[in-house]
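# Summary of structural features
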Amino acid sequence: MYACGPTVYDYFHIGNARTFIIFDALRKYLEYRGYDVTFVQNFTDVDDKIINRAKEEGVPPGEISEKFIQIYFEDSKTLGIEKADIYPKVTENIEEIIEFIGELMDKGYAYESGGDVYFDVSRYEDYGKLSKQNLEELQLGARVEVSEQKRNPLDFVLWKAAKPGELSWESPWGAGRPGWHIECSTMSNKYLGETIDIHGGGRDLIFPHHENEIAQSEARSGKPFANYWLHVGYLNIDDKKMSKSLGNFFTPREIAKEFDLENFRFLILSAHYRNPVNFNRELLESAKNGLDRLYTGKNNLEYLIENAEDRIPMENEKEWLENLKQYKNRFNEVMDDDFNTADGIAVIFDLVREINTNVDEKAAKQILQEAYDLFMELTSVLGLLGKKEETLEEDIERLIEERQKARKEKNFELSDKIRDDLKEKGIILEDTPQGVKWRRV
Ligand code: AMP
Ligand code: ZN
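The text that follows walks through the structure, step by step, so that each part is easy to find. (Residues numbered from 1 in each chain as written. Chains lettered and ligands numbered in written order. Predicted model: local features only at pLDDT ≥ 70, side-chain atom pairs only at ≥ 80, totals over all residues. Heavy atoms only, no water.)

## Quick look at the site of ligand 1
Looking at ligand 1, there are 18 residues lining it, with Thr19, Gly202, Asp204, Leu235 and Met242 nearest. One of the backbone N or O atoms of Thr7 is found 3.0 Å from an oxygen atom in ligand 1. For ligand 1, whose unbound accessible area comes to 490 Å², protein coverage reaches 89%. The set of elements that each furnish at least two residues to the shell around ligand 1 consists of helix H1 (14-32) and strand E7 (196-202). No other element matches the four residues that H1 contributes to the shell around ligand 1. Residues belonging to the shell around ligand 1 are distributed by class as follows: seven nonpolar, nine polar and two charged. (Near = heavy atom within 4 Å. Polar contact = N/O pair within 3.5 Å; in protein donor to acceptor, adjacent residues only side chain to side chain. Areas by Shrake-Rupley, 256 points an atom, 1.4 Å probe, with all protein chains shown as cover. Helix = DSSP H or I, 4+ residues; strand = E, 2+ residues; numbered from the N terminus. Nonpolar A, V, L, I, M, F, W, Y, C, P; charged D, E, K, R; others polar.)

Spelled out as structure tokens, the structure:
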């Protein structure tokens, strides 16, 4: 499975995060269902945005991309995203990209023009099949860019001739750098082969990016490129796509100041991946309520298990447990139907309700444990409820004492810092007439 990854020139926003979370959960689900998954997600580390940022900051482009690759790893971890198997980068695949373009030239699918190389869309019959548009319709809608030296406005660049002073590599067509689309075709082919099972990204990539990937890949190999395509709907703000260029974005870091990011992950998985999600604070708060309910279910069961009797289960208990397995079947069924995590979560809530209303501390420990294991199995497929033990309350009490001491000593800098640090951990302090109280956000 191949997912188009980030262009590493800045912090990613929570719209990008939506797409990354979906592919992470999809991978977890496929593995849970017994598939042997190889998951590749690229880093686009050659791009105008990176080059521009490097110019602004007066550093080499590689410094910008490396910095934001590290930040990608840090931030994706906070969202519960597991590492992909392979993270190929454009800069490490230039030779393969040049070879790929060379093959397209040899087969007559590409042409050179003034140091650029273009894909000749008219040579590839199926162009438009992914976005379900035909060539004529596309041609009518295409912008004619006079400055470009294309034969047809729909032709797209495979290799860009170097501009003076710009990052470039030697090639049979002169110095230059790869166009955007060719990187994914090349790296998908290199790491996963000519035909792969699943390819995807956010829905903005359907056209032209993925359409162009199909054209290049299938023109070269003569084989189908991807068996399944998944495109994640937009995370919107006021019904507009969240994007850097519109400035209507939040980063996971901003959200984390107030909410545990697991709530955001839950929010994303509560929607069907293809539908748009209109992000706002209320949505996040209601996600938090939902996730809290699951944690309460988990904590209750843990308490019961600790206090239950270790005896042989009774017949009716065994029957009840057997019956509980239908929730797992239902979960698998809805998830198998186009990865419907929204319904998957609904099944988990039904399971929790069923457990809560049917067991108490009189139940046999083994029954409770097995019910608990089933519940944890399903939530862990979604990457939820994996949080380790809550921050120790003693730690918080100790920090509060330190803050009180600092205040007495009129060291307000320290006392404010302690309060802010706690806030970052989701602990709000309130100075009341009865002394300092704390609560979780
Ligand atoms: P980029 O770094 O812009 O190439 O984006 C990385 C990934 O995030 C791509 O798969 C995009 O399609 C996806 N993406 C960008 N913006 C959004 C959004 N607002 N909602 C969902 N996915 C997005
Ligand atoms: Zn791509």
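## With respect to the side chain of His231
Note on placement: His231 falls in strand E8 (residues 226-232). The class for His231 is buried, based on a relative accessible area of 10%. When residues no more than four places from it in sequence are discounted, the contact partners of His231 are Leu130, Gly201, Gly202, Arg203, Ile206, His210, Tyr273 and Arg274. (Buried < 20%, exposed > 50% of the residue type's maximum accessible area, 1.4 Å probe, protein only. Contact = heavy atoms within 4.5 Å.)

## With respect to the pattern of salt bridges
A complete count under the given rule lists 41 salt bridges for this structure. Residue Asp431 is joined to Arg407 by a salt bridge in which the shortest nitrogen-to-oxygen separation is 3.6 Å. Of the two residues, Asp431 is situated in strand E12 (residues 427-432) and Arg407 in helix H14 (residues 393-408); the sequence distance between them amounts to 24 residues. Overall, the relative accessible area of 34% leaves Arg407 in the partly exposed class. Bridged by salt links that share partners, the residues Asp24, Arg27, Lys28, Glu31, Glu82, Asp85 and Arg265 form one connected network. (Salt bridge = Lys/Arg side-chain N within 4 Å of Asp/Glu carboxyl O.)

## What to know about the sheet that holds E7
Taken together, the four strands give an open sheet; going across it, the order is E2-E1-E7-E8, and neighbouring strands pair in parallel fashion. In this open sheet, the two strands that pair with only one neighbour each are strand E2 (40-41) and E8. Here six bridges tie E7 to E8, and the two strands are oriented parallel to one another. By the bridge assignment, His199 is partnered in E8 with Trp229. Of the strands in this sheet, E7 and E8 touch helix H7 (residues 206-221), which is tilted by about 160° from E7. (Pairing = 2+ DSSP bridges. Axes fitted to C-alpha atoms, helices over the stretch in contact; angles between N-to-C directions.)

## A closer look at empty space enclosed by the protein
Where empty space is left in the structure can be found by rolling a water-sized probe over the atoms. Enumeration over the complete set of coordinates arrives at two cavities of 30 Å³ or more. For the largest cavity, the calculated volume is near 40 Å³. Around the largest cavity sit Phe100, Ser185, Asn189, Gly193, Glu194, Ser217, Arg220, Ser221 and Phe225, which together line it. Going through the elements one at a time, helix H6 (180-192) and H7 are the ones with two or more residues in the lining of the largest cavity. If one sorts the elements of the lining of the largest cavity by residue count, H7 sits on top with three residues. Class assignment for the residues of the lining of the largest cavity results in two nonpolar, five polar and two charged. Taken as a whole, the second largest cavity spans an internal volume of roughly 30 Å³. (1 Å grid on protein atoms, 1.4 Å probe; cavity = no way out; pocket = protein on both sides within 12 Å on 5 of 7 lines; lining within 4 Å. Points joined across faces, edges and corners; volume = space filled by probe spheres on them.)

## Quick notes on the packing of aromatic side chains
Taken as a whole, this structure holds 22 aromatic pairs when the rule is applied. Residues Tyr29 and Phe339 carry aromatic rings whose centres are separated by 6.2 Å and whose planes lie at 45° to one another, so their mutual orientation is tilted. Taken together, the residues span a long stretch of sequence, with Tyr29 in helix H1 and Phe339 in the loop between helix H11 (315-336) and helix H12 (341-358) at a distance of 310 residues. Of the two residues, Tyr29 and Phe339, both sit in the buried class. Aromatic side chains Tyr109 and Phe119 sit 6.1 Å apart centroid to centroid with 10° between the ring planes, which places their arrangement in the stacked category. Taken together, the positions of Tyr109 in the loop between helix H4 (94-106) and strand E3 (110-113) and Phe119 in strand E4 (residues 116-119) put the pair ten residues apart, joining distant regions of the chain. Among the aromatic residues, ring-to-ring pairing joins Phe12, Phe20, Phe43, Tyr72, Phe73 and Tyr87 into one connected group. Lying over the aromatic face of Tyr109, Arg123 brings its terminal NZ or CZ to 4.8 Å of the ring centre. Arg274 extends its terminal NZ or CZ atom over the ring of Tyr273, reaching a point 5.9 Å from the ring centre. (Phe/Tyr/Trp six-rings, centres within 6.5 Å; stacked < 30°, edge-to-face > 60°. Lys NZ or Arg CZ within 6 Å of the ring centre and 35° of its normal.)

## Overview of H7
The terminal C-alpha atoms of H7, which comprises 16 residues, lie 21 Å apart, in line with the 22 Å expected from a rise of 1.5 Å per residue. Counting buried residues in H7 gives 14 out of 16 residues, a clear majority hidden from the surface. (Expected span 1.5 Å × (residues − 1).)

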